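Reading the structure
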Amino acid sequence: MKKIIFLLAIVFTITTAFVTVGEPEKDILGKWRIDENYINNFVIAQIETRRKVNPEQAEQMEQNMDMMAQTVGALIFDYKNDNTIELTSPQGTQIVKWRLSPDNHSLFILRTNGTERKDSILQLTPTSLKILQGERKDTIAYVRP
């Protein structure tokens, strides 16, 4: 019995010795861009969101999907230590605030208009961020540029 426990302890030590424990509050810091496999879904979600408030503008956006996809592909989201996100696009820079939930399973974005969006974190590693966007209920993946 002691040999089995000893062998299990060795197996456990070996299998966990090389597993890195993530630090979400550090892993999220730095620059991200939308994964190219998610750009079209992101653009379509933006169009559908716009359609609710301005159908004519949504129609124009649909007619320029290629240009929108290029613009979205150029977006850089820079998560800073001071809990701001600097969003850089071809049109300029916008700054919003962010915070993680205490359990690190949710990401809250405080917009410049004072509203807050809650996203569910599906995956967060130093090289990959995947969220379920709270309002649209679609998944977006981000990678390092």
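Numbering of residues starts from 1 in every chain and runs along the sequence as written. The predicted origin of the model limits local features to residues at a pLDDT of at least 70 and limits the giving and counting of side-chain atom pairs to 80 or more, whereas totals for whole chains, interfaces and linings rest on all residues. Think of the side-chain values as coming from all heavy atoms in the structure, minus any hydrogens and water.

Examining helix H3 (residues 39-53)
Here a helix means four or more residues in a row that DSSP labels H or I, a strand means two or more in a row labelled E, and each is numbered from the N terminus. One fewer than the residue count of a helix, multiplied by 1.5 Å, yields its expected span. Along its 15 residues, H3 runs 22 Å from first to last C-alpha, staying within 8% of the 21 Å computed at 1.5 Å per residue. Taken residue by residue, H3 has Ile 39, Phe 42, Val 43, Ala 45 and Ile 47 as its buried positions. Should any heavy atoms of two residues lie within 4.5 Å, those residues are counted as being in contact. Contact partners of the buried residues in H3: strand E1 (30-34), helix H4 (55-63), helix H5 (65-73) and strand E8 (139-143). We call a residue buried when its accessible area falls under 20% of the maximum for its residue type, exposed when it is over 50%, and partly exposed in between, using a 1.4 Å probe and counting protein chains only.

Examining the confidence of the model for the protein
Each residue carries a pLDDT value, the predictor's own confidence for that position, ranging from 0 to 100. Averaged over every residue, the pLDDT of the protein is 87; residues scoring 70 or more account for 86%. Within the model, pLDDT remains below 50 along residues 6-20, and this stretch shows 0 contacts once partners closer than five positions in the same chain are excluded.

Some words on the environment of Arg 117
Mapped onto the elements, Arg 117 comes out in strand E6 (residues 116-124). Residue classification places Arg 117 among the buried residues on the basis of a relative accessible area of 18%. In this structure, the C-alpha to C-alpha distance between Arg 117 and Gly 134, residues 17 residues apart in sequence, is 6.6 Å. In this structure Arg 117 touches Leu 107, Phe 108, Ile 109, Arg 111, Gln 133 and Glu 135, once residues within four positions along its chain are discounted. Nitrogen and oxygen atoms within 3.5 Å of one another constitute a polar contact, given that in protein one can donate a hydrogen and the other can accept it, and given that sequence-neighbouring residues count only through two side-chain atoms. For Arg 117, the side chain forms a polar contact with the side chain of Asp 119, separated by 2.8 Å.

Regarding the layout of surface pockets
Residues are called lining when one of their atoms sits within 4 Å of a cavity or pocket point, these points coming from a 1 Å grid over the protein atoms alone, where a cavity is a set in which a 1.4 Å probe fits but cannot get out and a pocket is an open set with protein on both sides within 12 Å along at least five of seven lines. Grid points are joined across faces, edges and corners, and a volume is the space filled by probe spheres set on the points. When its volume is computed, the largest pocket comes out at roughly 1,200 Å³. Taken together, 38 residues make up the lining of the largest pocket; nearest its centre are Phe 42, Gln 46, Leu 87, Gln 94 and Arg 136. For the lining of the largest pocket, the element with the most residues is H3, which contributes 8 residues. Class assignment of the residues belonging to the lining of the largest pocket gives a composition of 18 nonpolar, 12 polar and 8 charged. Residues were grouped as follows: Ala, Val, Leu, Ile, Met, Phe, Trp, Tyr, Cys and Pro as nonpolar; Asp, Glu, Lys and Arg as charged; and all remaining residues, including Gly, as polar.

Details of the pattern of salt bridges
Pairing between side chains becomes possible if they bear opposite charge and their charged atoms approach one another. Take a side-chain nitrogen of Lys or Arg and a carboxyl oxygen of Asp or Glu: if they are within 4 Å of each other, that pair is a salt bridge. One pass over the structure, following the stated rule, counts 8 salt bridges. A salt bridge links Lys 80 to Asp 78, with the shortest nitrogen-to-oxygen separation between them at 3.2 Å. If you follow the salt bridges from partner to partner, you end up with Glu 48, Arg 51 and Glu 62 in one network.

Here we look at the pairing of strand E4 (residues 92-100)
Relative to E4, strand E3 (residues 84-89) is paired through 6 bridges, and the arrangement is antiparallel. When the bridges of E4 are listed, Glu 86 appears paired with Ile 95. Strands are labelled as partners when DSSP assigns at least two bridges between them. Counted along the chain from E3 to the antiparallel partner E4, the turn is 2 residues long. Judged from the 4 bridges that link them, E4 and strand E5 (residues 106-110) form a sheet pairing that is antiparallel. What sits directly across from Arg 99, in E5, is Phe 108. Joining the antiparallel neighbours E4 and E5 is a turn of 5 residues, in which Asn 104 adopts a positive phi near 65 degrees.

Some details on the environment of Gln 123
Secondary-structure assignment places Gln 123 in strand E6. C-alpha of Gln 123 to C-alpha of His 105: the two residues are 18 residues apart in sequence and 8.9 Å apart in space. Dropping the residues within four chain positions of it, Gln 123 is found in contact with Ser 128, Leu 129 and Lys 130. Only 3.4 Å separates the side chain of Gln 123 from the side chain of Ser 128, close enough to count as a polar contact.

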